[in-house]
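The residues making up each chain are set out below.
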Number of protein chains: 2
Amino acid sequence: MKNAKQTTQCGPISALLADFIHAASWEQIPGPIRHEIKRSVLNYFAVALAGCSDPTLDKAVRTYARFSSGPAAALIGRGERMDMLNAAAINAMGANVYDYDDTHIPTIIHPTAPVASALFALSQTQPVAGKDFMLAFLLGVEAQCRIGLAISPFHYDKGWHITSTCGVFGSAMAVGKTRRLTPARLRWALGSAACQAGGLVESLGTMSKSVSVGNAARNGMLAALLAEDDFDGPARPLEGAHGFLRVFGDAPDFDAVTRELGKEWEIGKVAYKPYPCGVVLNPVLDACLALSARIGMRRLEAIASIELTSHPLLRQRTDRPNVRTGRESQVSAQHAVPVALLRGAAGLEAFSDEAVNDPALRALGPLVRFHDDETYSIDSAKVVLRFHDQPPEQEFVRVARGSLERPLTDAELETKLRDLCRYGRSGCDAGRLIGAVWDMEDGKDMGRLAELAAAPA
Amino acid sequence: MKNAKQTTQCGPISALLADFIHAASWEQIPGPIRHEIKRSVLNYFAVALAGCSDPTLDKAVRTYARFSSGPAAALIGRGERMDMLNAAAINAMGANVYDYDDTHIPTIIHPTAPVASALFALSQTQPVAGKDFMLAFLLGVEAQCRIGLAISPFHYDKGWHITSTCGVFGSAMAVGKTRRLTPARLRWALGSAACQAGGLVESLGTMSKSVSVGNAARNGMLAALLAEDDFDGPARPLEGAHGFLRVFGDAPDFDAVTRELGKEWEIGKVAYKPYPCGVVLNPVLDACLALSARIGMRRLEAIASIELTSHPLLRQRTDRPNVRTGRESQVSAQHAVPVALLRGAAGLEAFSDEAVNDPALRALGPLVRFHDDETYSIDSAKVVLRFHDQPPEQEFVRVARGSLERPLTDAELETKLRDLCRYGRSGCDAGRLIGAVWDMEDGKDMGRLAELAAAPA
């Protein structure tokens, strides 16, 4: 009776979501949303081409390759090939390893890595046309972001790595749509996905994080394949008394899963990072790069203090002195600010182990001061440089680049892909890949697009 | 600072556990504990030989086989072979599919399925001696049960499938011990295990449950293999501010992980089920089988009511009229009581779809009445049969068979294996397997023992 009472608090969410995904068609998708899908895929290849040569990937590939049934699918930026489950896992890891991928602002889910990785792997085992791919991708992103919305902000705050925990639903629904599963089977896929959801914030900054991101892509795909063979699951995997939303949420907003479904698209709330850092650093880095360009190296040497005025979240998330690794430095204002000022750069090289241990940068870290100001939005910041021997310099950024209000342009995304492709040293032809992504709507075979992102033989 | 404060509430639990597992030796293990390991393995093969032919397994094997890199390891009771990760998953599913496996009473974890499945799969890829296997098995069980203890009873009540969520640690530590990982690598394996922990109570009674049980075996193994290659993880995967215990627990009893470690062994609190049902039904079934034997079929037809007096948990867990599937019937007193009375049997056949739809049994279900009595322990029950035309009959069971106080004997476990082997129809030689398990302490190659449980060619 307890169960029955609890589940009356909400409608049949799992069934409604499955029905929606089953019925959704390309014609329903507005033009700007179609374009945003391409931008997400472009950004995906950009970050995956950077991540492909990280030691995390080298190690994961070494172990996963032992358990691959065959060379069905390409690895982005690499020469190895794996079966589609393992390829999905490795490519999702690569796209997310630097946390440089897209961000669904209301939940901070990185939505593309699990979904695109599963779909591209599948596309190399069966023909998938561009429009079908884009529709399935959109629906996967929609499912995972809405499920994440229903349990945010509690879920991440509690310690769940939301990209991993919710990504498994995105992968499952995208693959399920492409495999044309019935509504009942999509519901079962949600169930087997729910049973595989996992991932912890504690693992951020370590290789372990990548395991759960890879699992999200891999296991969502597995859930859909199992469901296709009538491997059944609970009737209410999301909203049941012991279902995903209640177990991973505190007081879930059930309605968030289905409210305005098909009218409002979550991909419209996705931003792409200009810097490989925690997003709260964006306005600070914009300001520091502007100051660096204006002032020049010589004057920077006479800095007495660097004052950051911002929303309190900046201090809460990035007041991290004395970090020791490149990965930690991505969420450290004490590193990000000096490197942007002194090197005039804030790309992946600026957040490497080498940069972290540069004595010139380490000397500036202790000069950073935080001033909380609740009137600032998280997209704005003021940086004031005070000198021993001259008047202060300051830069105010009202809206950071890469925010929803001031998104990266298509050209900036292309540049990001070219830069990151160079960083990852795969030898992949960035220009050709960029062209294929912009043309994907008319593509006949998304598997061939995926092959373009592999390292040349 | 918040993190620092929170983590001072407990010692370096992850490191202490890893150190303990690294240092533990066979000589430390008391004789009765050594014997209990063999009983656990015997019970494991029994339940896995029954589960091997369930449709859940057929479907899982069909999909997982597509992603197996080679025939490294046997599937219990089946003819297929798979790579060790997939074999570990499938065998864990088979051992747990009927929830007929061993139960760690304080947590209701089914500890053996994930741990033994990983270890037997590994043993088919490298030589593992009996004593090494038994030690690694014991340590895996110890790790997962203690981690489960620290978050019980909140964890399961909230909706986590504790066998899945904690089993991944058991598999990781057992494989890590066998691979002789250093303490630091064992800690990383705990981290990659923590990032893969998942599984929901909502899935019970559906095939989806088996996915997470399989993952526990598979992913724990993966975590250990990754750690062996220095794939790193967080320093405090269990006790960190966003680590496993705080995220999956409410007010974790951190100390439960390390208290009396090496002195008190959790395997000593494991019971083996006499019936394939929720354990609260054990005393009721004991009583009903005794009544059935005493009274005979003819008088049972004149039953007016069947009164169950017990701890309230019996009613809370098993008051389920009108179940429709064999699986649901395993937790339904309205089915369990009639079938034990009318058929004088309470094995897997008694909880099949066929039995559930037997009109004679369905007619008796509505006659079942529950009487809560807080003075009863959960291992005791009274069953009173009232007749239309004759005096009542009753049976009181003080301590159910299969409880910690009245465990199944070695001979009963052997019988369970023989019965379940027959049920599963694999054609496996039960007698030879039983002999090998009792002799495992002196065995040179546990991979060969695993081969004995495969279906004959």
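In this text the structure is predicted, and so the values were computed from the model without any measurement. (Residues numbered from 1 in each chain as written. Chains lettered and ligands numbered in written order. Predicted model: local features only at pLDDT ≥ 70, side-chain atom pairs only at ≥ 80, totals over all residues. Heavy atoms only, no water.)

## Quick word on the domain arrangement of chain A
Residue and element names in this part refer to chain A.
- Along its sequence, chain A is organised into domain 1 (2-272 + 410-452) and domain 2 (279-397).
- A separation of 33 Å is found between the C-alpha centroids of domain 1 and domain 2.
- The interface of domain 1 with domain 2 comprises 12 residues on the first partner and five residues on the second.
- Roughly 740 Å² of surface becomes buried between domain 1 and domain 2 when both sides are summed, with 57% attributable to carbon and sulfur atoms. (Domains from an automatic or database assignment. Contact = heavy atoms within 4.5 Å. Buried area = accessible area lost by both parts, 1.4 Å probe.)

## Here's the deal with the pairing of strand E7 (residues 381-387) of chain A
Residues and elements named next belong to chain A.
- Among the seven residues of E7, five are classified as buried, and the element is accordingly described as predominantly covered.
- Relative to E7, strand E5 (residues 303-310) runs antiparallel, the two being bridged by seven bridges. In the strand pairing of E7, Ser305 is matched with Arg386.
- Inspection of the sheet shows E7 paired to strand E8 (residues 393-397) by five bridges, in the antiparallel sense. Each bridged residue has a counterpart across the sheet, and for Lys382 the counterpart in E8 is Phe396.
- Taking the residues between adjacent antiparallel strands as the criterion, E7 and E8 are bridged by five residues. (Buried < 20%, exposed > 50% of the residue type's maximum accessible area, 1.4 Å probe, protein only. Helix = DSSP H or I, 4+ residues; strand = E, 2+ residues; numbered from the N terminus. Pairing = 2+ DSSP bridges.)

## Thoughts on the interface of chain B and chain A
- Each partner contributes to the interface: chain B provides 58 residues, whereas chain A provides 58 residues.
- Of the roughly 4,600 Å² buried between chain B and chain A on both sides combined, carbon and sulfur atoms contribute 61%.
- Counting across the chain B and chain A interface gives two salt bridges.
- Between Asp229 of chain A and Arg62 of chain B there is a salt bridge, with its nearest N and O atoms 2.9 Å apart.
- For the pair chain B and chain A, the interface holds 25 residue pairs in polar contact (both at pLDDT 80 or more).
- Elements represented by at least two residues in the side of chain B that touches chain A include exactly helix H4 (55-65), helix H5 (84-96), helix H8 (154-158), helix H10 (183-194), helix H11 (208-228) and helix H12 (244-248) of chain B.
- Broken down by element, the side of chain B that touches chain A gets its largest block of residues, nine residues, from H11 of chain B. (Salt bridge = Lys/Arg side-chain N within 4 Å of Asp/Glu carboxyl O. Polar contact = N/O pair within 3.5 Å; in protein donor to acceptor, adjacent residues only side chain to side chain.)

## Structural notes on the sheet that holds E8 of chain A
All names here are of chain A.
- In space, the four strands of this open sheet follow the order E6-E5-E7-E8, with mixed pairing throughout. Looking along the sheet, the strands with just one partner apiece sit at the ends: strand E6 (368-372) and E8. Each adjacent strand pair in this sheet contributes to an overall mean axis angle of 15°, direction not counted.
- Together, E5, E7 and E8 form the strand contacts of helix H13 (residues 282-295), whose direction differs from that of E8 by roughly 140°. (Axes fitted to C-alpha atoms, helices over the stretch in contact; angles between N-to-C directions.)

## Quick notes on the sheet that holds strand E6 (residues 368-372) of chain B
All names here are of chain B.
- Strand order across the open sheet formed by four strands is E6-E5-E7-E8, with mixed pairing between neighbours. Each edge of the open sheet is held by one strand with a lone partner, namely E6 and strand E8 (393-397). Looking at each pair of strands side by side, their axes are set apart by 15° on average, direction ignored.

## Regarding the UniProt feature "domain: MmgE/PrpD N-terminal" (unreviewed entry) in chain A
- As recorded in UniProt, the sites labelled "domain: MmgE/PrpD N-terminal" (unreviewed entry) are residues 17-255 of chain A.
- Annotated as 61% helix and 3% strand, the span residues 17-255 of chain A places its first and last C-alpha atoms 11 Å apart. (UniProt positions renumbered as here; feature names shortened; annotations may be inferred.)

## Observations concerning the environment of Ala241 of chain B
- One can find Ala241 of chain B in the loop between H11 and H12.
- A C-alpha to C-alpha distance of 50 Å links Ala241 of chain B and Ala340 of chain B, two positions 99 residues apart in sequence.

## A short note on the pattern of salt bridges
All names here are of chain A.
- Taken as a whole, this structure holds 58 salt bridges over all chains when the rule is applied.
- Taking the shortest distance from any N to any O, the salt bridge between Arg146 and Glu142 comes out at 2.6 Å. Of this pair, Arg146 and Glu142 both sit in helix H7 (residues 130-151), four residues apart, which is roughly one turn of the helix. Considered together, Arg146 and Glu142 belong to a single accessibility category, that of buried residues.
- Salt bridges sharing partners connect three or more residues here, namely Arg294, Arg299, Glu393 and Glu395.

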